[in-house]
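Residues per chain are reported as follows:
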Amino acid sequence: MLLPADDLFAQKTLKDAYNDFFPIGVAVAPRNLTGPDAELIKEQFNSLTPENAMKMGPIHPEPNRYAWQDPDAIVAFAQKNGMKVRGHTLCWHNQTPKWFFTDSTNKQVSREVLLARLKQHINDVVGRYKGRIYAWDVVNEAVPDTGTSIYRRSKFYEIIGEDYIEKAFEYAHAADPAAKLFYNDYNTESSSKRDKIYQLLKKLKDKNVPVDGVGLQGHWSISEPAKQELEKSIEQFSSLGLMIQITELDVSVHQKEHERREKRATDSGELTAEMLEKQAAQYKMLFEVFRKYKSVITGVTFWNVSDKSSWLDNFPVPGRKDYPLLFDQNYKPKKAFDGVVNF
């Protein structure tokens, strides 16, 4: 889908503008691999992340069955079009199938059984795409938002203990020694959570666990994060010798809320000129920071293709339309796009 020649933004694409900085990625589902979505992806991006297809539940719904069709299609599309692939995600407390934690009598499994299942899962999934997926989100969101513990009390933590995280990285490294392995989380600019994530990562590094980088999810808004908080996160995590990737970038036009809630009469989902201005300013600031830290930032991935469809249309408020991306509902570049590519 080529942009019109007289279009203000036609002179540059995202991937070309950042050719000397880092790959520009996008999260996709199989439905995005045909039609106008596919044309926009091929034109603008050079890295893909499966939005859901490689998560534990979708890819491994039953003990002896893998659903390879969707992830295979995404990897094939990327290879055909010369794009990198980030795998997402090998171990996550959410979207893990119930069978993973229970035996045939519905009782909770032992540490040994769960570790064996985790190892088999990672070995099978990473092994299938060895050499075709350059980076993996190995463990996702293992740190809680509140409290003093650095470990979320997930089933993996409760049954295995805190070392499930290092085991997951070790299994992934064994399955593909060349792949770059990431810990991935959100709210990384919150000072309390940032410090807990730092503690977790430092423990892993001190034990020589094969962790290569940290993914800052980047589910942000027109009101956050502040520049100084983002820079502090990048500096603090990279001080451990870790590369940084922005893994799930979108900038909501609504005020940031972190908990799901019901829709209110005041939740119109209307896009205003003021929202577009604020969004453009926020994206401009974010990419200024990313470019500043190009020595440690090795990838930026947007979470969905265009405003036509975003996971934020149903979170935190079900049924409230959001407009968090650089392309509008008709696949046209928004004002924010200009500030990202023209620098």
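Worth saying up front: this structure is predicted, and the values here are computed from it rather than measured.

*Asks:* I keep staring at the side chain of Thr13 and nothing clicks. Help me out?
*Replies:* By secondary structure assignment, the location of Thr13 is in the segment before helix H1 (14-17). Only 3.1 Å separates the side chain of Thr13 from the side chain of Asp16, close enough to count as a polar contact. Apart from the residues lying within four places of it in its own chain, the contact partners of Thr13 are Glu43, Gln44 and Val341.

*Asks:* Would you mind going over the environment of Ala226 with me for this structure?
*Replies:* Topologically, Ala226 is positioned in the loop between strand S7 (219-221) and helix H9 (227-238). Separated by 88 residues in the primary sequence, Ala226 and Val138 have C-alpha atoms spaced 28 Å apart.

*Asks:* Honestly, the packing of aromatic side chains in this entry has me stumped. Any pointers?
*Replies:* Aromatic rings in a pair are described by how distant their centres are and how their planes are angled relative to each other. A full pass over the atoms with the stated rule returns 22 aromatic pairs. Seen in terms of ring centroids, Tyr18 and Phe22 are 5.4 Å apart; in terms of plane orientation they differ by 15°. Their pairing is stacked. On the basis of relative accessibility, which here comes to 3%, the residue Phe22 falls in the buried class. An angle of 65° between the planes, with centres 6.2 Å apart, marks the rings of Phe100 and Phe101 as edge-to-face. Taken together, Tyr18, Phe21, Phe22, Phe45, Trp220, Tyr283, Phe287, Phe290, Phe302, Phe327, Phe337 and Phe343 form an aromatic cluster joined through their ring pairs. Between the NZ or CZ atom of Lys193 and the centre of the ring of Tyr186, over which it lies, the distance is 3.5 Å. In this structure, Arg291 packs its charged tip against the face of Phe343, placed 3.9 Å from the ring centre.

*Asks:* How should I be thinking about the pattern of salt bridges in this particular structure?
*Replies:* Pairing between side chains of opposite charge can happen when the charged atoms of each approach one another. If you walk through the whole model with that rule in mind, you get 21 salt bridges. Arg194 is the salt-bridge partner of Glu229, the closest N and O atoms lying 2.9 Å from each other. Placement of the pair is Glu229 in helix H9 and Arg194 in helix H8 (residues 191-206), with a sequence separation of 35 residues. We note a salt bridge from Arg320 to Asp267, for which the minimum N-O separation is 3.7 Å. Residue Arg320 is found in the loop between strand S9 (297-302) and helix H11 (335-341), and its partner Asp267 is found in the loop between strand S8 (243-252) and helix H10 (273-292); the two are separated by 53 residues along the sequence. Accessibility classification places Arg320 together with Asp267 in one group, the buried group.

*Asks:* What is the right way to read the packing of H9 against H10 from this model?
*Replies:* Look at H9 against H10: their axes get within 11 Å of each other, and the N-to-C directions meet at 30°. As summarised for this structure, H9 and H10 are arranged roughly parallel, according to the angle between their axes. Considering the relative orientation of H9 and H10, their crossing is right-handed. Between H9 and H10, the residues in contact are Lys227, Leu230, Glu231 and Ile234 and Met285, Leu286, Val289, Phe290 and Lys292, respectively. Of the residues in the contact of H9 with H10, the class split is six nonpolar, no polar and three charged.

*Asks:* Just to check I follow, could you spell out the layout of surface pockets for this structure?
*Replies:* Sizing a probe to match a water molecule and rolling it over the atoms shows the empty space that remains. Each pocket or cavity is described by its volume, and for the largest pocket that value is around 760 Å³. Forming the boundary of the largest pocket are 35 residues, of which Glu141, Tyr186, Gln217, Trp311 and Phe315 lie nearest the centre. Elements that contribute at least two residues to the lining of the largest pocket include exactly strand S3 (84-92) and S7. Its residues assigned to classes, the lining of the largest pocket shows eight nonpolar, 13 polar and 14 charged.

*Asks:* Teacher, can you tell me more about the confidence of the model for the protein chain here?
*Replies:* When pLDDT is low, close inspection of the predicted coordinates is not appropriate. Chain-level pLDDT for the protein chain is 95 on average; 97% of the residues reach the 70-or-more range. pLDDT under 50 marks residues 3-9. Its contacts with residues more than four places away, or in other chains, come to 14 contacts.

*Asks:* Looking at this model, I keep getting lost on empty space enclosed by the protein. Mind explaining?
*Replies:* Across all of its chains, the model carries two cavities of 30 Å³ or more by this definition. Here the largest cavity is characterised by a volume of approximately 80 Å³. Looking at the largest cavity, the residues that line it are His219, Trp220, Asp250, Ser252, Gln255, Lys256, Glu257, Trp311, Leu312, Phe315, Pro316 and Arg320. Elements with a contribution of two residues or more to the lining of the largest cavity: S7 and S8. Of the residues belonging to the lining of the largest cavity, the class tally is five nonpolar, three polar and four charged. Taken together, Tyr151, Glu162, Ile165, Glu166, Leu200, Lys203, Leu204 and Lys207 make up the lining of the second largest cavity. Elements supplying a minimum of two residues to the lining of the second largest cavity: helix H7 (164-175) and H8. In terms of residues, the lining of the second largest cavity owes the most to one element, H8, which gives three residues. Within the lining of the second largest cavity, the residues separate by chemical class into four nonpolar, no polar and four charged.

Conventions and cut-offs
- Residues numbered from 1 in each chain as written.
- Predicted model: local features only at pLDDT ≥ 70, side-chain atom pairs only at ≥ 80, totals over all residues.
- Heavy atoms only, no water.
- Helix = DSSP H or I, 4+ residues; strand = E, 2+ residues; numbered from the N terminus.
- Polar contact = N/O pair within 3.5 Å; in protein donor to acceptor, adjacent residues only side chain to side chain.
- Contact = heavy atoms within 4.5 Å.
- Phe/Tyr/Trp six-rings, centres within 6.5 Å; stacked < 30°, edge-to-face > 60°.
- Buried < 20%, exposed > 50% of the residue type's maximum accessible area, 1.4 Å probe, protein only.
- Lys NZ or Arg CZ within 6 Å of the ring centre and 35° of its normal.
- Salt bridge = Lys/Arg side-chain N within 4 Å of Asp/Glu carboxyl O.
- Axes fitted to C-alpha atoms, helices over the stretch in contact; angles between N-to-C directions.
- Parallel < 35°, antiparallel > 145°, perpendicular 65-115°, else oblique.
- Left-handed = near helix turned anticlockwise from the far one by under 90°.
- Nonpolar A, V, L, I, M, F, W, Y, C, P; charged D, E, K, R; others polar.
- 1 Å grid on protein atoms, 1.4 Å probe; cavity = no way out; pocket = protein on both sides within 12 Å on 5 of 7 lines; lining within 4 Å.
- Points joined across faces, edges and corners; volume = space filled by probe spheres on them.
- pLDDT = per-residue confidence, 0-100.

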